[in-house]
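The primary structure of each chain is shown beneath.
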Amino acid sequence: MQLNHRDRQIVCGLYLSKYNLKGLEFLGFESFAEAFNVFGLLLNAKPASIKNYRDEFDPYFPNARVGWHKRPLRSHCKRIIDELGCLGMPQLASVLMEFLPRDQRLDKFPDLTDVLDLGIKWPASAFAKRLITGEA
């Protein structure tokens, strides 16, 4: 199945709606906000777009969210749910992992002590002034 930019966002929304909190845990996310932000960053999309696609699918799955229950499913979302909606959580997560690019920024965060050591190397007056004013 060939997925364009919008389709990839829709698949993320489908996964988050269908598998809810268990889906978050399976992918290692602690919150929906984190998932929206990571998916948005990796797909070069707005996190709100991922959330909106999740809301689009919410009426079709048993979760506590109502979603957009007062309008019919849009055709491009219906196509994705028809093709991928029957997949189990590991299979749909695998589809996600196939098109999500690897991002070094998400794999390795600096240690807090390393960040603090950077501040120690600056002249004390400049560092203190930056804390007070927010400017160099």
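Procedures and definitions
- Residues numbered from 1 in each chain as written.
- Predicted model: local features only at pLDDT ≥ 70, side-chain atom pairs only at ≥ 80, totals over all residues.
- Heavy atoms only, no water.
- Core = buried A, V, L, I, M, F, W, Y, C linked by side-chain atoms within 4.5 Å.
- Buried < 20%, exposed > 50% of the residue type's maximum accessible area, 1.4 Å probe, protein only.
- Helix = DSSP H or I, 4+ residues; strand = E, 2+ residues; numbered from the N terminus.
- Contact = heavy atoms within 4.5 Å.
- Axes fitted to C-alpha atoms, helices over the stretch in contact; angles between N-to-C directions.
- Parallel < 35°, antiparallel > 145°, perpendicular 65-115°, else oblique.
- Left-handed = near helix turned anticlockwise from the far one by under 90°.
- Nonpolar A, V, L, I, M, F, W, Y, C, P; charged D, E, K, R; others polar.
- Phe/Tyr/Trp six-rings, centres within 6.5 Å; stacked < 30°, edge-to-face > 60°.
- Lys NZ or Arg CZ within 6 Å of the ring centre and 35° of its normal.
- Salt bridge = Lys/Arg side-chain N within 4 Å of Asp/Glu carboxyl O.

1. Here's the deal with the nonpolar core
Step number 1: Core analysis: the biggest nonpolar cluster contains 35 residues, and Val11, Tyr15, Leu16, Phe39, Leu96 and Phe99 have the highest contact counts within it.
Step number 2: With 9 residues, the single largest contributor to this core is helix 1 (residues 5-27).
Step number 3: Discounting residues that sit within four places of it in the chain, phenylalanine 99 has contacts with Leu3, Arg8, Val11, Cys12 and Leu43.

2. Points about the packing of helix 1 against helix 3 (residues 47-57)
Step number 1: Between helix 1 and helix 3, the least distance of the axes is 7 Å, while the angle of their chain directions is 55°. One finds that helix 1 runs oblique with respect to helix 3. Relative to helix 3, the crossing made by helix 1 is right-handed. In contact with Arg6, Gln9, Ile10, Cys12, Gly13, Leu14, Leu16 and Ser17 of helix 1, helix 3 contributes Ser49, Ile50, Tyr53, Arg54 and Phe57.
Step number 2: Residues belonging to the contact of helix 1 with helix 3 are distributed by class as follows: 7 nonpolar, 4 polar and 2 charged.

3. With respect to the environment of phenylalanine 57
Step number 1: When you line up the elements, phenylalanine 57 lands in helix 3.
Step number 2: Judged by its relative accessible area of 0%, phenylalanine 57 is buried.
Step number 3: Along the backbone, phenylalanine 57 and serine 17 are 40 residues apart, and their C-alpha atoms lie at a distance of 6.0 Å.

4. Some points on the packing of helix 1 against helix 2 (residues 32-43)
Step number 1: Running from N to C, helix 1 and helix 2 point in directions that differ by 150°, and their axes come no closer than 11 Å. With respect to helix 2, the axis of helix 1 lies roughly antiparallel. In terms of crossing hand, the pair formed by helix 1 and helix 2 is right-handed. Every residue of helix 2 that contacts helix 1 at His5, Arg8, Gln9, Cys12, Leu16, Asn20, Leu21, Leu24 and Leu27 is listed here: Phe32, Ala35, Phe36, Phe39 and Leu43.
Step number 2: Classifying every residue of the contact of helix 1 with helix 2 gives 10 nonpolar, 3 polar and 1 charged.

5. Comments concerning the packing of aromatic side chains
Step number 1: Considering all chains together, one arrives at 3 aromatic pairs under this definition.
Step number 2: Ring centres of phenylalanine 32 and phenylalanine 36 lie 6.0 Å apart, and the angle between their planes is 25°; on these two criteria the pair is classed as stacked. Of this pair, phenylalanine 32 and phenylalanine 36 both sit in helix 2, 4 residues apart, roughly one helical turn.
Step number 3: Take phenylalanine 32: its relative accessible area is 15%, and that puts it in the buried class.
Step number 4: With a relative accessible area of 8%, phenylalanine 36 lands in the buried category.
Step number 5: Over the face of the ring belonging to phenylalanine 32 we find arginine 54, whose NZ or CZ atom lies 4.8 Å from the ring centre.

6. Concerning the side chain of glutamate 56
Step number 1: Take glutamate 56: it is sitting in helix 3.
Step number 2: With near-sequence residues (within four places) excluded, glutamate 56 lies in contact with Trp68, Arg71, Pro72, Leu73, Arg74 and Cys77.

7. What to know about the pattern of salt bridges
Side chains that differ in charge, positive against negative, can pair when their charged atoms come close.
Step number 1: Taken as a whole, this structure holds 7 salt bridges when the rule is applied.
Step number 2: Of the charged contacts in the structure, one is a salt bridge between glutamate 56 and arginine 71, with a shortest N-O distance of 2.4 Å. In this pair, glutamate 56 sits in helix 3 while arginine 71 sits in the loop between helix 3 and helix 4 (75-84), placing the two residues 15 residues apart along the sequence.
Step number 3: Salt bridges sharing partners connect three or more residues here, namely Lys51, Arg54, Asp55 and Asp58.

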